[in-house]
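Chain residues, written in single-letter form:
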Amino acid sequence: MQLRFSHPWVVDSRQGAAIQRELAEAVRLERACGPVSHIAGIDCGFRNGGTRVCAAVTRFTWPGLEFVESHRVYRPVEMPYRPGLLSFRELPAVLDALAGLSEPADLILCDGQGIAHPRRLGIAAHLGVLLDRPALGVAKSRLVGEHAPVGERRGAAAPLYAGEERIGTVLRTRDRVRPVYVSPGHRLDCATAAEWALACCTRYRLPEPIRKADHLAAKASDPVMQEQS
DNA sequence: GCGACAG
DNA sequence: ATCTTGTCGC
(Lines give C-alpha, C1' and ligand atoms only; values in the text may rest on other atoms or scores of the structure.)
Protein backbone atom coordinates (compact mmCIF):
# COMPACT_ATOMS: atom_id res chain seq x y z
CA MET A 1 0.00 0.00 0.00
CA GLN A 2 1.47 3.30 -1.14
CA LEU A 3 1.69 5.87 1.66
CA ARG A 4 2.08 9.56 1.01
CA PHE A 5 4.19 10.04 4.16
CA SER A 6 6.47 7.84 6.22
CA HIS A 7 7.11 8.39 9.92
CA PRO A 8 7.82 6.45 13.12
CA TRP A 9 4.85 4.83 14.85
CA VAL A 10 6.29 4.41 18.32
CA VAL A 11 6.59 7.97 19.60
CA ASP A 12 6.38 10.03 22.77
CA SER A 13 3.82 12.83 23.13
CA ARG A 14 6.20 15.45 21.79
CA GLN A 15 7.24 13.52 18.68
CA GLY A 16 3.69 12.45 17.99
CA ALA A 17 2.38 16.00 18.20
CA ALA A 18 5.11 17.23 15.84
CA ILE A 19 4.20 14.58 13.27
CA GLN A 20 0.52 15.43 13.60
CA ARG A 21 1.09 19.15 13.05
CA GLU A 22 3.11 18.34 9.94
CA LEU A 23 0.59 15.92 8.43
CA ALA A 24 -2.35 18.17 9.31
CA GLU A 25 -1.07 20.62 6.71
CA ALA A 26 -1.81 18.04 4.02
CA VAL A 27 -5.48 17.66 4.98
CA ARG A 28 -7.79 18.93 2.25
CA LEU A 29 -11.44 19.74 2.92
CA GLU A 30 -13.40 19.51 -0.32
CA ARG A 31 -17.06 20.04 -1.11
CA ALA A 32 -17.58 16.49 -2.42
CA CYS A 33 -15.48 13.37 -2.71
CA GLY A 34 -16.11 12.17 -6.24
CA PRO A 35 -18.05 9.06 -7.30
CA VAL A 36 -18.56 6.45 -4.59
CA SER A 37 -19.30 2.81 -5.35
CA HIS A 38 -17.72 1.21 -2.29
CA ILE A 39 -17.48 2.34 1.33
CA ALA A 40 -15.10 0.87 3.90
CA GLY A 41 -15.46 0.85 7.67
CA ILE A 42 -12.68 0.25 10.19
CA ASP A 43 -12.39 -0.47 13.90
CA CYS A 44 -10.03 -2.07 16.40
CA GLY A 45 -10.54 -4.38 19.33
CA PHE A 46 -8.03 -5.19 22.09
CA ARG A 47 -7.34 -8.48 23.85
CA ASN A 48 -5.03 -10.14 26.30
CA GLY A 49 -4.80 -7.28 28.72
CA GLY A 50 -4.31 -4.80 25.91
CA THR A 51 -1.22 -6.47 24.46
CA ARG A 52 -2.85 -7.61 21.21
CA VAL A 53 -4.97 -5.63 18.75
CA CYS A 54 -7.36 -6.82 16.06
CA ALA A 55 -8.02 -4.39 13.23
CA ALA A 56 -11.15 -5.15 11.21
CA VAL A 57 -12.17 -3.55 7.91
CA THR A 58 -15.41 -4.01 6.01
CA ARG A 59 -16.46 -3.04 2.50
CA PHE A 60 -20.04 -2.19 1.47
CA THR A 61 -21.61 -1.19 -1.84
CA TRP A 62 -22.99 2.25 -2.51
CA PRO A 63 -25.78 2.85 -3.03
CA GLY A 64 -27.55 -0.06 -1.37
CA LEU A 65 -25.17 -0.55 1.53
CA GLU A 66 -24.78 -4.24 0.87
CA PHE A 67 -21.95 -6.05 2.60
CA VAL A 68 -19.23 -7.22 0.21
CA GLU A 69 -16.25 -8.42 2.25
CA SER A 70 -14.25 -7.99 5.44
CA HIS A 71 -10.70 -8.60 6.53
CA ARG A 72 -8.99 -8.87 9.92
CA VAL A 73 -5.40 -8.74 11.07
CA TYR A 74 -3.89 -9.30 14.51
CA ARG A 75 -0.85 -7.41 15.74
CA PRO A 76 1.03 -6.76 18.95
CA VAL A 77 0.20 -3.40 20.57
CA GLU A 78 3.19 -1.05 20.42
CA MET A 79 1.75 2.10 21.96
CA PRO A 80 -0.31 2.84 25.09
CA TYR A 81 -3.55 4.76 24.68
CA ARG A 82 -3.13 8.50 25.04
CA PRO A 83 -5.90 10.99 24.31
CA GLY A 84 -4.83 12.76 21.11
CA LEU A 85 -2.43 10.02 20.00
CA LEU A 86 -4.92 7.26 19.26
CA SER A 87 -3.91 6.89 15.62
CA PHE A 88 -0.35 5.87 16.49
CA ARG A 89 -1.77 2.98 18.47
CA GLU A 90 -4.28 1.73 15.89
CA LEU A 91 -3.22 2.75 12.37
CA PRO A 92 -0.36 0.29 11.80
CA ALA A 93 -2.83 -2.59 12.16
CA VAL A 94 -5.55 -0.72 10.25
CA LEU A 95 -3.25 -0.13 7.28
CA ASP A 96 -2.48 -3.85 7.12
CA ALA A 97 -6.17 -4.71 7.35
CA LEU A 98 -7.05 -2.33 4.50
CA ALA A 99 -4.36 -3.88 2.33
CA GLY A 100 -6.20 -7.18 2.69
CA LEU A 101 -9.31 -6.00 0.84
CA SER A 102 -9.66 -7.40 -2.66
CA GLU A 103 -10.69 -3.97 -3.93
CA PRO A 104 -10.13 -0.49 -2.48
CA ALA A 105 -13.06 1.62 -1.25
CA ASP A 106 -13.80 5.16 -2.46
CA LEU A 107 -14.61 6.41 1.03
CA ILE A 108 -13.36 5.24 4.42
CA LEU A 109 -15.35 5.57 7.66
CA CYS A 110 -13.28 5.45 10.83
CA ASP A 111 -14.28 4.88 14.44
CA GLY A 112 -12.88 8.06 16.02
CA GLN A 113 -12.31 11.71 15.18
CA GLY A 114 -11.29 13.30 11.87
CA ILE A 115 -10.14 16.91 12.23
CA ALA A 116 -12.06 17.33 15.50
CA HIS A 117 -8.74 16.89 17.28
CA PRO A 118 -6.34 19.18 19.23
CA ARG A 119 -3.99 19.37 16.22
CA ARG A 120 -6.63 18.61 13.57
CA LEU A 121 -5.34 15.12 12.92
CA GLY A 122 -7.56 12.50 14.50
CA ILE A 123 -7.33 8.93 13.19
CA ALA A 124 -9.60 9.53 10.17
CA ALA A 125 -7.54 12.53 9.04
CA HIS A 126 -4.27 10.70 9.67
CA LEU A 127 -5.43 7.71 7.62
CA GLY A 128 -6.93 9.84 4.86
CA VAL A 129 -3.75 11.86 4.43
CA LEU A 130 -1.47 8.82 4.41
CA LEU A 131 -3.58 7.18 1.70
CA ASP A 132 -4.62 10.46 0.09
CA ARG A 133 -8.16 9.15 -0.10
CA PRO A 134 -11.55 10.43 1.12
CA ALA A 135 -12.08 9.57 4.79
CA LEU A 136 -14.25 10.72 7.69
CA GLY A 137 -14.45 10.03 11.40
CA VAL A 138 -17.46 9.03 13.49
CA ALA A 139 -16.74 9.16 17.23
CA LYS A 140 -19.06 7.99 20.00
CA SER A 141 -17.90 10.77 22.31
CA ARG A 142 -16.27 14.18 22.23
CA LEU A 143 -12.55 14.86 22.23
CA VAL A 144 -12.51 18.62 21.58
CA GLY A 145 -14.91 21.33 20.47
CA GLU A 146 -18.07 23.05 21.66
CA HIS A 147 -21.61 22.91 20.33
CA ALA A 148 -25.22 23.84 20.98
CA PRO A 149 -27.78 21.22 22.09
CA VAL A 150 -28.85 18.80 19.34
CA GLY A 151 -32.48 18.07 18.45
CA GLU A 152 -33.93 14.73 19.54
CA ARG A 153 -34.79 13.32 16.13
CA ARG A 154 -32.71 11.41 13.60
CA GLY A 155 -30.91 13.88 11.34
CA ALA A 156 -30.82 16.68 13.92
CA ALA A 157 -27.37 18.28 13.96
CA ALA A 158 -25.29 21.02 15.55
CA PRO A 159 -22.01 22.33 14.17
CA LEU A 160 -18.94 21.53 16.28
CA TYR A 161 -16.55 24.45 16.78
CA ALA A 162 -13.05 25.02 18.07
CA GLY A 163 -13.31 28.75 18.66
CA GLU A 164 -14.38 30.21 15.33
CA GLU A 165 -13.28 27.19 13.36
CA ARG A 166 -15.83 24.62 12.26
CA ILE A 167 -14.33 21.20 12.92
CA GLY A 168 -17.29 18.86 12.58
CA THR A 169 -20.92 18.04 13.29
CA VAL A 170 -22.68 16.60 16.33
CA LEU A 171 -25.23 14.36 14.66
CA ARG A 172 -28.24 12.44 15.92
CA THR A 173 -28.34 9.28 13.81
CA ARG A 174 -31.43 7.75 15.46
CA ASP A 175 -34.38 9.19 17.36
CA ARG A 176 -33.47 9.76 21.02
CA VAL A 177 -30.06 8.05 20.97
CA ARG A 178 -26.87 9.83 21.99
CA PRO A 179 -25.51 11.85 19.08
CA VAL A 180 -22.20 11.00 17.39
CA TYR A 181 -19.32 13.33 16.52
CA VAL A 182 -18.68 13.41 12.79
CA SER A 183 -15.71 15.21 11.29
CA PRO A 184 -13.90 15.25 7.96
CA GLY A 185 -10.80 13.13 7.67
CA HIS A 186 -9.61 14.12 4.21
CA ARG A 187 -11.04 15.23 0.85
CA LEU A 188 -14.46 16.05 2.37
CA ASP A 189 -15.89 19.07 4.16
CA CYS A 190 -17.95 19.12 7.37
CA ALA A 191 -21.34 19.12 5.66
CA THR A 192 -20.45 16.35 3.22
CA ALA A 193 -18.97 14.20 5.98
CA ALA A 194 -22.16 14.48 8.04
CA GLU A 195 -24.29 13.63 5.01
CA TRP A 196 -22.35 10.46 4.30
CA ALA A 197 -22.33 9.42 7.94
CA LEU A 198 -26.09 9.81 8.24
CA ALA A 199 -26.68 8.05 4.92
CA CYS A 200 -24.78 5.02 6.23
CA CYS A 201 -26.81 4.84 9.46
CA THR A 202 -29.80 2.66 8.69
CA ARG A 203 -30.94 0.77 11.79
CA TYR A 204 -28.39 1.71 14.44
CA ARG A 205 -26.51 4.61 15.97
CA LEU A 206 -23.31 3.86 14.08
CA PRO A 207 -22.84 3.68 10.30
CA GLU A 208 -23.18 0.08 9.07
CA PRO A 209 -19.60 -0.27 7.78
CA ILE A 210 -18.22 0.79 11.17
CA ARG A 211 -20.76 -1.20 13.14
CA LYS A 212 -19.90 -4.38 11.28
CA ALA A 213 -16.16 -3.78 11.71
CA ASP A 214 -16.82 -3.11 15.39
CA HIS A 215 -18.55 -6.43 15.74
CA LEU A 216 -15.78 -8.32 13.94
CA ALA A 217 -13.01 -6.70 15.97
CA ALA A 218 -14.76 -7.25 19.29
CA LYS A 219 -15.53 -10.93 18.85
CA ALA A 220 -12.14 -11.63 17.37
CA SER A 221 -10.17 -14.58 18.71
CA ASP A 222 -6.47 -14.11 18.11
CA PRO A 223 -4.92 -17.15 16.34
CA VAL A 224 -1.52 -16.42 17.88
CA MET A 225 -3.00 -16.61 21.37
CA GLN A 226 -4.90 -19.81 20.58
CA GLU A 227 -1.63 -21.44 19.61
CA GLN A 228 -0.11 -20.71 23.00
CA SER A 229 -2.77 -22.65 24.87
C1' DG B 1 -2.46 23.91 39.86
C1' DC B 2 -7.01 21.75 38.15
C1' DG B 3 -9.93 19.50 35.00
C1' DA B 4 -10.64 17.21 30.38
C1' DC B 5 -9.48 13.51 27.81
C1' DA B 6 -11.46 9.59 20.57
C1' DG B 7 -10.51 4.24 21.70
C1' DA C 1 -10.83 -0.19 24.57
C1' DT C 2 -11.70 -4.00 28.35
C1' DC C 3 -13.38 -6.44 32.78
C1' DT C 4 -18.81 -8.78 32.99
C1' DT C 5 -25.11 -10.97 33.90
C1' DG C 6 -28.88 -9.87 34.24
C1' DT C 7 -32.21 -6.69 33.31
C1' DC C 8 -35.27 -2.52 32.19
C1' DG C 9 -37.66 -0.77 28.17
C1' DC C 10 -39.36 -0.02 23.29
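Quick note: structure is the one above.
Description of the structure in this document. What you see is a predicted model, and the numbers here were worked out from it, not measured in a lab.

1. Quick word on the packing of helix α2 (residues 86-99) against helix α3 (residues 123-131)
- Running from N to C, α2 and α3 point in directions that differ by 45°, and their axes come no closer than 10 Å. The angle between the axes of α2 and α3 places the two elements in the oblique class. Judged by the twist between their axes, the crossing of α2 over α3 is right-handed. Contacts between α2 and α3 pair S87, F88, E90, L91, V94, L95 and L98 from the former with I123, H126, L127, L130 and L131 from the latter.

2. Considerations on the side chain of T169
- Tracing the sequence through the fold places T169 in strand β7 (residues 165-171).
- By relative accessible area, which is 4% here, T169 ends up buried.
- Separated by 2.8 Å, the side chains of T169 and R166 make a polar contact.
- With sequence-adjacent residues up to four places away left out, T169 is seen in contact with A157, A158, L160, V180, Y181, V182, C190 and A194.

3. A closer look at the protein's contact with DNA strand B
- Taken together, 18 residues surround DNA strand B, and among them Y81, G84, K140, S141 and R142 come closest.
- The sugar-phosphate portion of DNA strand B accounts for 52% of its atoms within 4 Å of the protein, the bases making up the rest.
- Contact between DNA strand B and H117: a base nitrogen at 3.5 Å from a side-chain N or O atom of the residue.
- When residues of the surface near DNA strand B are assigned to their parent elements, the largest contribution, three residues, is made by α2.
- Class assignment of the residues belonging to the surface near DNA strand B gives a composition of seven nonpolar, five polar and six charged.

So, how was this worked out
- The numbering scheme is per chain: residues are counted from 1 as the chain's sequence reads.
- As they are written, the chains are lettered A onward and the ligands numbered 1 onward, keeping that order.
- In keeping with the predicted nature of the model, local features appear solely for residues at pLDDT of at least 70, side-chain atom pairs appear and are counted solely at 80 or more, and the whole-chain, interface and lining totals rest on all residues.
- Side-chain measures here rest on the full set of heavy atoms in the structure, leaving out hydrogens and waters.
- To get an axis, a line is fitted to the C-alpha atoms, and for a helix only the part in contact is used. The angle between two axes follows their N-to-C directions and goes from 0 to 180 degrees.
- In this text, helices come from DSSP runs of H or I with a minimum length of four residues, and strands from runs of E with a minimum of two, each type numbered from the N-terminal end.
- Any angle that is under 35 degrees is reported as roughly parallel, and any over 145 degrees as roughly antiparallel; angles of 65 to 115 degrees are reported as roughly perpendicular and all others as oblique.
- Left-handed describes a crossing in which the near helix is turned anticlockwise from the far one by less than a right angle; the clockwise case is right-handed.
- Two residues form a contact once any of their heavy atoms are found within 4.5 Å.
- Exposure is judged per residue with a 1.4 Å probe applied to protein chains only, and the accessible area is read against the type maximum: over 50% gives exposed, under 20% gives buried, and values in between give partly exposed.
- Polar contact is the term for a pair of N or O atoms within 3.5 Å; when the atoms are in protein, one must be able to donate a hydrogen and the other to accept it, and sequence-neighboring residues count only if both atoms are side-chain atoms.
- Being near a molecule or strand, for a residue, means having at least one of its heavy atoms within 4 Å of it.
- Lys, Arg, Asp and Glu make up the charged group, whereas Ala, Val, Leu, Ile, Met, Phe, Trp, Tyr, Cys and Pro make up the nonpolar group; the residues left over, Gly among them, are polar.

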